[in-house]
Amino acid sequence: MKHRRLFVALTFASSLLVATANAGQLTRDNGALVGDNQNSQTAGAEGPVLLQDVHLIQKLQRFDRERIPERVVHARGAGAYGVFTASETLTDISQATLFTAGKQTPVFVRFSSVVHGNHSPETLRDPRGFATKFYTEQGNWDLVGNNFPTFFIRDAIKFPDMVHAFKPDPDKNYGTNRTLFDFFQHVPEATRTLTLLFSNEGTPASYREMDGSSVHAYKLVNADGQYRYVKFSWKSQQGVRNHDPRQAQTVQGQDFNHMSRDLITAIDAGNFPRWDLYLQVLEAEQLAKFDFDPLDATKIWPEELIPSRRIGSMELNRNPANIFQETEQVAMAPGNLIPGIEPSEDRLLQGRLFSYADTQMYRLGANHQQLPINRAKAEVNSNNQDGAMNSGARVGEVNYEPSTLQPRPQAASARYSNLPLDGMTQQRRIAREQNFRQAGELYRSFDRKKQQDLVQQLGSALGEADVAARQTMLSYFYKADAGYGEALTRVAKGDLSQVRALAQALVD
Ligand code: HEM
């Protein structure tokens, strides 16, 4: 032990010495000084470049490897550090200690658009990601949400198909409304979220002026193992501001990085954006009492039925210094949960629990949780080991459990809660689909200008769909609200009597 300490001290001291010797001069990755960064080493004045110019070779090799796989969705994003301050103590419903009044927890937030690639215009119509990593004393908790409070689908098995339909067509490398609605004519549960997407909510003015939502229900679990279902939402203290179609076009012509630029500029100027975190709570026995399924991610929990309360606030106050190492390498995953916060049975969330960690092992590698941006502030003491780029802190001879040599007890308090179950395995749609009602309520909540912008945008997009797909889609919006459906049918040049007949056959 003494020897190791001495070795560490010596290595550290000598690294300091070398750093001093280099004094800010250009080096290679091994720390050796570079003699000439302008001219390759050549065989004489006329001869070829020499392979022995290791600086040149390294420079080209490293450049050739600068890209890692882009996120398969949410590729374009902007991140910032900050702090979450709890305003309520929730020990009665959760053993997660970050929910202790006055307690501060450091966070990293990454906002993003969804469909379009890295460096794509931020003016494009899209839902926006709102993902928060809380570095709590009990481990990292990631609340990976969106600005929209609902999602297009309710079952993870549809996600790859949905993303394919949204992304550029494989034979063209640009997206078309023909394939988009060819898919969505089979997905009536998307009616509410498509309404949001084609409204001005689909083109937010800035990340600072955007709300956020967990979309899914999670479970909060207390020390007695009792659980309740909850939804989280962020409310912007800056208010919500969206672009209408004309403004979006104008901004796109001027600065299509407007959302990243706004966030970075505001934080640099000390104008720190803030959000309040709200919680809605349902007892398990209340789940059956609604005419919709509260664990269906295509639904909101209406405030008038399930009021929310403020449980804390967040301030973002520091920009990343290295976008790649921080914003690009951050790995937000709904499976990063801590004792006291568990997933609900929401079928979409259940698929996400697998998908994020899986893609991050591919995108960043098996040891991505050791990267500084992802590393837990709580001690990590697992037996997971080795793998590419391992810089973890596991030491000693015991890399298994149980062990008498190095006992590492489990915490009974961290056991998952118990869910009562009966019945058979099955592959069926949920019982309370109610695909259209909340879409109609949303449409009616918009003012006239917002309704007109929506009808114009969605109606002209539907006009590009094949006739049968267009008629089916129009019947969904008609079923949500007859006035909405009629207005869309006019813009999309659909057949209103057929739309009415199709809508009549739909069940809400
Ligand atoms: C089954 C449905 C879904 C699947 C399979 C899925 C899958 C993914 C994947 C693979 C990524 C890339 C992650 C990475 O490379 O780090 C991602 C990113 C993201 N997803 Fe989803 N997603 C789903 C639904 C949702 C929903 C419902 C929301 C919102 C509640 C959401 C919000 C996000 C956000 C915010 C990011 C970006 C995280 C970041 O900034 O790094 N996704 N999703």
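Given the structure is predicted, the values throughout are model-derived calculations rather than measurements. (Residues numbered from 1 in each chain as written. Predicted model: local features only at pLDDT ≥ 70, side-chain atom pairs only at ≥ 80, totals over all residues. Heavy atoms only, no water.)

Asker: Tell me what's going on with the coordination of the iron atom of the ligand, and back it up with residues and numbers.
Answerer: Protein coordination of the iron atom of the ligand rests on one atom only, Tyr 356 (OH), at 1.7 Å. The residue Tyr 356 is located in helix 9 (residues 347–363) in this model. (Donors = N, O, S within 2.8 Å, 3.2 Å for Na, K, Ca; no water. Helix = DSSP H or I, 4+ residues; strand = E, 2+ residues; numbered from the N terminus.)

Asker: Report on the confidence of the model for the chain, specifying residues and quantitative values.
Answerer: Parts of the prediction with low pLDDT should not have their coordinates interpreted in detail. For the chain, the mean per-residue pLDDT works out to 95, and 96% of the residues sit at or above 70. Contacts of residues 1–16 to residues separated by more than four positions or lying in other chains number zero contacts, the stretch itself having pLDDT below 50. (pLDDT = per-residue confidence, 0-100. Contact = heavy atoms within 4.5 Å.)

Asker: Could you give an account of the side chain of Asp 293, naming the residues involved and the relevant values?
Answerer: Relative to the assigned elements, Asp 293 resides in the loop between strand 8 (274–283) and strand 9 (308–318). No salt bridge is formed by the buried Asp 293. Its closest oppositely charged neighbour is Arg 432, at 4.1 Å. Separated by 2.8 Å, the side chain of Asp 293 and the backbone nitrogen of Leu 295 make a polar contact. Those residues within four positions of Asp 293 in sequence are excluded, and the remaining contacts are Lys 299, Ile 430 and Arg 432. (Buried < 20%, exposed > 50% of the residue type's maximum accessible area, 1.4 Å probe, protein only. Lys, Arg positive; Asp, Glu negative; His and termini not counted. Salt bridge = Lys/Arg side-chain N within 4 Å of Asp/Glu carboxyl O. Polar contact = N/O pair within 3.5 Å; in protein donor to acceptor, adjacent residues only side chain to side chain.)

Asker: How would you summarise the nonpolar core if you had to cite specific residues and measurements?
Answerer: Phe 152, Phe 181 and Phe 184 are the most contacted members of the largest nonpolar core, which totals 48 residues. Where this core is concerned, the elements lending two or more residues are helix 3 (159–166), helix 4 (177–184), helix 5 (191–198), helix 10 (437–445), helix 11 (448–462), helix 12 (467–480), helix 13 (482–492) and helix 14 (496–504). The residues that make up this core include at least three from each of domain 1 (77–157 + 205–370) and domain 2 (437–504). Setting aside chain neighbours within four positions, we find Phe 152 in contact with Pro 127, Met 162, Phe 166, Phe 184, Val 187, Glu 189, Ala 190, Thr 193, Leu 194, Leu 197 and Thr 298. The next biggest cluster of nonpolar side chains, apart from the first, holds 35 residues, and it includes Ala 80, Phe 130, Met 259 and Ile 267. (Core = buried A, V, L, I, M, F, W, Y, C linked by side-chain atoms within 4.5 Å. Domains from an automatic or database assignment.)

Asker: Describe the site of the ligand, listing the residues and the values that go with them.
Answerer: Neighbouring the ligand are 24 residues; Arg 71, Arg 110, Tyr 356, Gln 360 and Arg 363 lie closest to it. The separation between a nitrogen atom of the ligand and a polar side-chain atom of Arg 352 is 3.4 Å. Listed by contribution, the elements that provide at least two residues to the shell around the ligand are strand 3 (128–136), strand 4 (139–146) and helix 9. When residues in the shell around the ligand are grouped by element, the largest group, seven residues, is from helix 9. Tallied by class, residues from the shell around the ligand come to eleven nonpolar, nine polar and four charged. (Near = heavy atom within 4 Å. Nonpolar A, V, L, I, M, F, W, Y, C, P; charged D, E, K, R; others polar.)

Asker: Now, about the domain arrangement of the chain: what can you tell me, with residues and values included?
Answerer: Domain annotation for the chain reports domain 1 (77–157 + 205–370) and domain 2 (437–504). Taken residue by residue, the interface counts nine residues in domain 1 and five residues in domain 2. Here domain 1 and domain 2 share an interface that buries about 520 Å² over both sides, 42% of which is from carbon and sulfur atoms. Taken together, the links from domain 1 to domain 2 amount to two salt bridges. Between Asp 244 and Lys 449 there is a salt bridge, with the nearest N and O atoms lying 3.0 Å from each other. Applying the counting rule to domain 1 against domain 2 returns three residue pairs in polar contact (both at pLDDT 80 or more). A per-class count over the side of domain 1 that touches domain 2 returns four nonpolar, one polar and four charged. (Buried area = accessible area lost by both parts, 1.4 Å probe.)

Asker: Residues and numbers for the pairing of strand 3, please.
Answerer: Burial of strand 3 is extensive: nine of the nine residues sit out of reach of the surface. Residues Arg 128, Phe 130, Thr 132, Phe 134 and Thr 136 of strand 3 are buried on one face, and the alternating residues Gly 129, Ala 131, Lys 133 and Tyr 135, pointing to the opposite face, are buried as well. Where strand 2 (residues 104–113) and strand 3 come together, seven bridges link them in antiparallel fashion. Opposite Val 107, over in strand 3, you have Phe 134 as the bridge partner. The antiparallel hairpin formed by strand 3 and strand 4 contains two residues in its connecting segment. (Pairing = 2+ DSSP bridges.)

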